[in-house]
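Structural overview
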Amino acid sequence: MSETLPEAYLGPQRVFSGVQPSGALHLGNYLGALVKFVALQERMECIYCVVDMHAITLWQDPAALASQTREIAAAYIAAGVDPTRAIIFPQSAVSGHAELAWIFNCVARIGWLDRMTQFKEKTGKNKQGASVGLYTYPVLQAADILLYKATHVPVGEDQKQHLELTRDIAGKFNNDFNAPGFFPLTEPMIEGPGARVMSLRDGQAKMSKSDPSDQSRINLLDDADTISQKIRRARTDPAPLPEAVAGLSNRPEAANLVGIYAAIAGMTDQQVLDRFGGKGFGEFKPALADLMVDRLAPVSDRMRRLIADPAEIDRILADGAARARAIAEPILEETRRIVGYVKL
Ligand code: TRP
């Protein structure tokens, strides 16, 4: 056996991703995550988690946490994730996440976590007042992924650093415990047309659940009038749309709206400009709003119907949790043995 060359991971390919139940889902989540989740289930084993344990790193109202957890599950299904193929479940229902996170807390280094930009962004100057959970959040994320030996993780650009940390943890675990190739070095899947949907109020900021302004985002449950009104009021500049993509370079708000149109229509930015170049926002915005309503209305209708039947959602989540446990348990069992826990 080679001591120096890391051995390749030879297990099956598997997709894992998670969404936090910490607020309403929006267009950025839909285009950046849900649409990808649906496409991937056709060709790989997929596990889609509602990461309620991550959500509580910031205070969550308990009743709201439960209903938002069901709402994210409903959004997955309404967007087209098939719960008989993909696994949909809440993180807290599989205790292996917490158990593996503890082991990884002992593998990851404080220096690695000190470099995490998201923690710094979320805490700002008030690091002392943040929960310890928020600090080790990326370690739990690594546990989510590696509990299933997931090889691929569809996520937004902002999660790149957490995926690098996941690889560092996998590599150090495999190395420290002399278990070459035990955990895979997971690849992020970031590319895609909806990878970066920006705020409607500020083309430099990501569309976000936590933005205090509801006008900054299109929520999946917004009705047609609300969508049209938000697009009409979306911030833009006074110039007409350019003829070529290069003309969008210093116009973040225009670039965002064109990018959103392209992502929904399945076109390139240039194809959108071929149609709307030279036209003003007075013409482009209503076309964008109509396109958005056509695409989102069936999703929000399905979502509303599912939310009206929480018992059915819970049945789906319980089934998903059982299937998730069945994959996780042998991996966890082997991990305990590698670490040296007494087997009783
Ligand atoms: N941190 C991710 C986010 O905020 C959510 C998440 C938690 C996740 N665990 C994960 C994403 C595992 C992918 C894989 O978007």
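Please refer to the structure placed before this passage.
Worth saying up front: this structure is predicted, and the values here are computed from it rather than measured. (Residues numbered from 1 in each chain as written. Predicted model: local features only at pLDDT ≥ 70, side-chain atom pairs only at ≥ 80, totals over all residues. Heavy atoms only, no water.)

**Concerning the pattern of salt bridges**
Note the threshold: Only one rule defines a salt bridge in this text: a Lys or Arg side-chain nitrogen within 4 Å of an Asp or Glu carboxyl oxygen. Secondary structure elements are defined from DSSP: runs of H or I of at least 4 residues count as helices, runs of E of at least 2 residues count as strands, and each element is numbered from the N terminus. Accessibility here uses a 1.4 Å probe with only protein chains present; expressed as a share of the type maximum, an area under 20% marks a residue as buried, one over 50% as exposed, and anything in between as partly exposed.
The full count for this structure, using the stated rule, is 19 salt bridges. For Arg85, the salt bridge identified is with Glu42, shortest N-O distance 3.5 Å. Separated by 43 residues along the polypeptide, Arg85 in the loop between helix H3 (62-79) and strand S3 (87-90) and Glu42 in the loop between helix H1 (27-41) and strand S2 (45-50) bring together distant segments of the chain. Residue classification places Arg85 among the partly exposed positions, given a relative accessible area of 42%. Take Glu42: its relative accessible area is 52%, and that puts it in the exposed class. Each of Glu99, Glu329, Glu333, Arg336 and Lys343 takes part in a single network of salt bridges with overlapping partners.

**Quick word on the pairing of S2**
As a reminder of what qualifies: One bridge is not enough; two strands pair if DSSP finds at least two bridges between them. Whether a crossover is right-handed comes down to one check: with the strands pointing away from the viewer, does the path from the first strand over the helix to the second run clockwise; if it does, it is right-handed.
Taken across its six residues, S2 has five buried, putting it largely inside the fold. Looking at chain direction, strand S1 (residues 14-19) and S2 are connected through six bridges and run parallel. Its bridge partner lying in S2, Val15 is registered against Cys46. With H1 bridging S1 and the parallel S2, this β-α-β connection has right-handed handedness. Across four bridges, the pairing between S2 and S3 is parallel. Bridged to Tyr48 within S3 is Ile88.

**Here's the deal with the site of the ligand**
So the rule is basically this: Nearness is defined per residue: one heavy atom within 4 Å of the molecule or strand is enough. Pairing of N or O atoms within 3.5 Å defines a polar contact, subject to two protein rules: one partner must be a possible hydrogen donor and the other a possible acceptor, and residues neighboring in sequence count only if both atoms are side-chain atoms. Only the protein chains shown count as cover for residues, with accessible areas throughout obtained via the Shrake-Rupley method and a probe of 1.4 Å. Points on a 1 Å grid over protein atoms alone make up a cavity when a 1.4 Å probe fits among them but cannot get out, and a pocket when they form an open set with protein on both sides within 12 Å along at least five of seven lines; lining residues each have an atom within 4 Å of a point. For this analysis, a molecule is said to be in a pocket or cavity if more than half of its atoms are within 2 Å of the grid points defining it. Residue polarity follows a fixed list, in which Ala, Val, Leu, Ile, Met, Phe, Trp, Tyr, Cys and Pro are nonpolar, Asp, Glu, Lys and Arg are charged, and the others, Gly among them, are polar.
In the vicinity of the ligand, 13 residues are found, and the nearest of them are His54, Tyr137, Gln141, Asp144 and Gln159. Interatomic distance of 3.5 Å between a side-chain N/O atom of Gln20 and an oxygen atom of the ligand. In isolation the ligand has 370 Å² of accessible area, and contact with the protein removes 89% of it. Using a 2 Å cut-off from the grid points, one finds that the ligand occupies the largest pocket. Of all the secondary structure elements, the ones that give two or more residues to the shell around the ligand are S1 and helix H8 (137-146). For the shell around the ligand, the class distribution of residues is six nonpolar, six polar and one charged.

**Regarding helix H4 (residues 96-105)**
So the rule is basically this: Along the arc lie the directions from the helix axis toward the C-beta atoms.
Within H4 the residues assigned to the buried category are Gly96, His97, Leu100, Ala101, Ile103 and Phe104. One side of H4 carries all its buried residues, which in axial view fall inside an arc of 160°.

**Thoughts on the nonpolar core**
The criterion, for reference: By convention a nonpolar core is built from buried Ala, Val, Leu, Ile, Met, Phe, Trp, Tyr and Cys residues, the set being connected through side-chain atoms within 4.5 Å. Two residues qualify as a contact provided that any one of their heavy atoms is within 4.5 Å of a heavy atom in the partner residue.
Grouped together as the largest cluster of nonpolar side chains are 61 residues, with contacts concentrated most on Leu27, Leu34, Tyr48, Tyr76, Phe284 and Met292. Filtering out sequence-adjacent residues up to four positions away, Met292 remains in contact with Leu27, Ile218, Ile227, Ile231, Ile260 and Ile264. If you look at the next biggest cluster of nonpolar residues, it comprises 47 residues, including Cys49, Leu100, Tyr135 and Ile190.

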